[in-house]
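# Breakdown of the fold
Spelled out, the chains give:
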Amino acid sequence: MGSFGSVGGGRGAGRRPVRGIALDIGSSRTRAWAPGAGVFADVPSGPVRRGRVTDADSHLRLLRRLTAAAPGDGGHDTVVMLTHPVLAAPAEREAARRVVDGLGPVRVIAVDSARAAAAYAAPPGGGPLLVVDLGAQLTEVTLVVDGLVEDARLAEVGVDDVPESGRMPDTIAGTAADLVSDLWRHDSTGAVRGALRRGVLVTGGGALRMDVTGRLAHLLRARLRLASDPSTSVVRGAGLMLTSALRHPGGRLGSV
């Protein structure tokens, strides 16, 4: 999705204070985070299906409510860090761009959900990282190398498709394992193998299901790393990235 603006902010002459907000708008839940407040909103997403905005007007109203509810006041300039699926298509990114244009003077930066999750919960020491996001309506597997997305796979199936079903562990874990296997087949550098040895970072609501994660660990024959409160790891990571950007107002907030 790229950047919808850049910030030269701070409290220098002629500038107003900057208020930062991180937003993770998933297919099931939308979460908002702000410096000093943490996650201050966790509400139904409404007009989002398989990671795509299906009702731009309703989506804009939700963003306006969350922006208005964020800590700070009208005397602050507002910068939003907005997450999106790793493999969001150009048309989906353009739809999001049109929606956030309706927020007026609010400046928005986009970041993919895998890098946001890695910013919050990646293990120390560096090296390639596999991020498995077990979402409500999407399953995403992303290979992150040196802080950048090297490759990714997505399946339009999630935990909401098999709620409380005895098939859930096999369906969700099997889907994620198949995506990892496909990444491995197309990896000529050995990064996927290294990431599996390092441990797989699992996020999303599906990470809270021990039957799902247990089955996934068995299929991958790898250790899983579950972030604390994995359902909010993406918005928390986006918040950390936003905080870092706001602390360096002289730098350009481009595509992060």
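Look a little higher up for the structure.
Below you will find a few notes about this structure. None of the values given here were measured: they were computed from a predicted structure.

### Comments concerning helix H1 (residues 56–69)
The terminal C-alpha atoms of H1 lie 20 Å apart, and with 14 residues this matches the ideal 20 Å at 1.5 Å per residue to within 8%. All of the buried residues in H1 are His59, Leu60, Leu62, Leu63, Leu66 and Thr67. Down the axis of H1, the sector holding all buried residues measures 160°, keeping them to one side. Exposed side chains of H1 directed beyond 90 degrees from the buried face belong to Asp57, Arg65, Ala68 and Ala69.

### Examining the sheet that holds strand E2 (residues 29–34)
Strand order in this open sheet of five strands is E3-E2-E1-E6-E7, and the pairing throughout is mixed. Of all strands in the sheet, those bounded by a partner on one side alone are strand E3 (38–44) and strand E7 (107–112). Pairs of neighbouring strands in the sheet enclose a mean axial angle of 20°, with direction left out of account. Pairing of strand E6 (residues 77–84) with E7 involves six bridges; the strand directions are parallel. Note that in E7 the partner of Leu82 across the bridge is Ala110. Against the sheet, H1 contacts strand E1 (18–25), E2, E3 and E6, and its axis sits at roughly 140° relative to E1. Strands in contact with helix H3 (residues 113–121) are E6 and E7; relative to E7, the strand with the most contacts, it is inclined by about 85°.

Calculation rules
- Note that residues are indexed from 1 along each chain, following the sequence as it is written.
- Selection of residues for local features in this predicted model requires a pLDDT of at least 70, selection of side-chain atom pairs for listing and counting requires 80 or more, and totals for whole chains, interfaces and linings are taken over all residues.
- To obtain the side-chain values, all non-hydrogen atoms of the structure were used and water was disregarded.
- In DSSP terms, a helix is any run of H or I states spanning at least four residues, a strand is any run of E spanning at least two, and both are numbered starting from the N terminus.
- One fewer than the residue count of a helix, multiplied by 1.5 Å, yields its expected span.
- Residue burial is assigned from relative accessible area. The probe radius is 1.4 Å, only protein chains are included, and a residue is buried under 20% of its type maximum, exposed over 50%, and partly exposed in between.
- Think of the arc as the fan of directions from the helix axis to the C-beta atoms.
- Two strands pair if DSSP finds at least two bridges between them.
- Here, axes are lines fitted to C-alpha atoms. For helices the fit covers the stretch in contact, and angles between N-to-C directions go from 0 to 180 degrees.
- Whether two residues touch is decided by their heavy atoms; if any such pair falls within 4.5 Å, the residues are in contact.

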